[in-house]
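Listed below are the residues making up each chain.
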Amino acid sequence: RPPINDMIKPLSWLLGKWRSEDGQGHYPTIKDFKYIEELEFIHVGQPNIQFRQVFYAFNAETKKPMHREVGFIRVTPDLSKVAFVSAQNTGLAEVEEGTYNEKEKELRFESHTVGRLTFGKPPVTKKIARIFHCHGDTLEQIVDMETVNTAMTNHLTIKYKKVE
Ligand code: HEM
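The text that follows walks through the structure, step by step, so that each part is easy to find. (Residues numbered from 1 in each chain as written. Predicted model: local features only at pLDDT ≥ 70, side-chain atom pairs only at ≥ 80, totals over all residues. Heavy atoms only, no water.)

The next point concerns the overall build of the protein chain. Looking only at helices and strands, the protein chain features 0 helices and 14 strands. Element order for the protein chain, N to C, with α for helix and β for strand: β-β-β-β-β-β-β-β-β-β-β-β-β-β. Rg of the C-alpha trace for the protein chain: 16 Å, near the compact-globule value of 15 Å for 164 residues, within the 12% margin. Projected onto its principal axes, the C-alpha positions of the protein chain cover 45 × 30 × 25 Å. Within the protein chain, buried positions represent 41% of all 164 residues. A sequence separation of at least 24 residues applies to 42% of the contacts in the protein chain between residues at least 6 apart. (Helix = DSSP H or I, 4+ residues; strand = E, 2+ residues; numbered from the N terminus. Rg over C-alpha atoms; globule rule 2.2 N^0.38 Å. Buried < 20%, exposed > 50% of the residue type's maximum accessible area, 1.4 Å probe, protein only. Contact = heavy atoms within 4.5 Å.)

Below, the discussion takes up the side chain of Thr-138. Looking at the element boundaries, Thr-138 is found in strand β13 (residues 138-147). Residue classification places Thr-138 among the buried positions, given a relative accessible area of 11%. Within the structure, the side chain of Thr-138 is placed 3.5 Å from the side chain of Lys-161, a separation counted as a polar contact. Every residue in contact with Thr-138, bar those within four places of it in the chain, is listed here: Trp-18, His-133, Lys-159, Tyr-160 and Lys-161. (Polar contact = N/O pair within 3.5 Å; in protein donor to acceptor, adjacent residues only side chain to side chain.)

Looking now at the site of the ligand. The immediate surroundings of the ligand are formed by 19 residues, with Thr-29, Phe-33, Met-66, Met-145 and His-155 found nearest. For the ligand, an oxygen atom lies 2.5 Å from a polar atom in the side chain of Thr-29. In the model, a nitrogen atom of the ligand is placed 3.0 Å from a nitrogen or oxygen of the His-155 side chain. Elements with a contribution of two residues or more to the shell around the ligand: β3 (33-36), β7 (65-67), β12 (125-135), β13 and β14 (153-162). Of the residues forming the shell around the ligand, the biggest block, 3 residues, is contributed by β12. Its residues placed into classes, the shell around the ligand shows 10 nonpolar, 6 polar and 3 charged. (Near = heavy atom within 4 Å. Nonpolar A, V, L, I, M, F, W, Y, C, P; charged D, E, K, R; others polar.)

Time to look at the nonpolar core. One finds Phe-41, Leu-107 and Leu-139 to be the most contacted residues of the largest nonpolar core, which totals 31 residues. Secondary structure elements with two or more residues in this core: β4 (38-42), β5 (48-53), β8 (69-75), β9 (82-88), β11 (106-115), β12, β13 and β14. Look past the residues within four positions of Phe-41 in its chain and what remains in contact with it is Leu-14, Leu-15, Gly-16, Trp-18, Ile-49, Gln-50, Phe-51, Ile-73, Phe-132 and Leu-139. (Core = buried A, V, L, I, M, F, W, Y, C linked by side-chain atoms within 4.5 Å.)

Below, the discussion takes up the pattern of salt bridges. Pairing is possible between side chains of opposite charge, provided their charged atoms come close. Going through the model one piece at a time under the given rule, you end up with 11 salt bridges. Taking the shortest distance from any N to any O, the salt bridge between Glu-21 and Lys-161 comes out at 3.4 Å. Highlighted residues: Glu-21 in the loop between β1 (16-20) and β2 (23-25) and Lys-161 in strand β14, separated in sequence by 140 residues. We note a salt bridge from Arg-108 to Glu-106, for which the minimum N-O separation is 2.9 Å. Classification of Arg-108 by relative accessible area gives partly exposed; the value is 44%. Via salt bridges that share partners, Glu-69, Glu-94, Glu-96 and Arg-130 belong to a single interconnected network. (Salt bridge = Lys/Arg side-chain N within 4 Å of Asp/Glu carboxyl O.)

Only one protein atom coordinates the iron atom of the ligand: His-155 (NE2), located 2.2 Å from the metal. In this structure, His-155 sits in strand β14. (Donors = N, O, S within 2.8 Å, 3.2 Å for Na, K, Ca; no water.)

Now for the pairing of β5. The pairing of β4 with β5 spans 4 bridges and is classified as antiparallel. Its bridge partner being in β5, Leu-39 is matched across the sheet by Gln-53. Between β4 and the antiparallel strand that follows it, β5, lie 5 residues; Gly-45 among them carries a positive phi value of about 100°. The pairing of β5 with β8 spans 5 bridges and is antiparallel. Within β8, the residue paired with Phe-51 across the bridge is Gly-71. (Pairing = 2+ DSSP bridges.)

As far as function goes, none of this settles anything; it's purely spatial.
Okay, structure coming up:
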């Protein structure tokens, strides 16, 4: 693999494969659920990080595959802005932007664009916000969302440990 691009060096702690430990799903309109996933972040020498769920995010009890997204993290040269671009199995394609706190190893993103299919399943997702936070050897991801029916509130909270 080529050397890591200088622009993403500060985010090198994120690179690798992370396996979830305690994935929890909530939303006021649905039943709480537990889920499992592996997230992989790789680079190819370019100033971006590619991410994917290795298989799918799947239900912890039934093992049924549920959600998958793949995409890229991009940054400005001074890291004052970060972006998270993702395509999802549900037909959603979204662009999130935000900030990086190097001291806290925390990335915060909020969508400015959520694209969807003309024949997508309701309700329409209006906004997505997520936080990646690394403390010690644990990565945490928190995803909030707003739909046409529900104000911005938590959908996912999940912790991971690095496995590769
Ligand atoms: C339900 C969006 C990630 C599992 C929903 C709903 C929306 C949504 C809009 C319907 C809520 C309602 O009816 O009011 C998203 C978005 C995601 C995401 C935008 C990523 C950013 C995930 C992940 C899982 C998951 C990773 C875990 C495997 C579920 C389940 C339901 C649900 C089980 C309820 C059952 C269903 O309606 O299919 N999600 N979701 N979601 N989501 Fe997510």
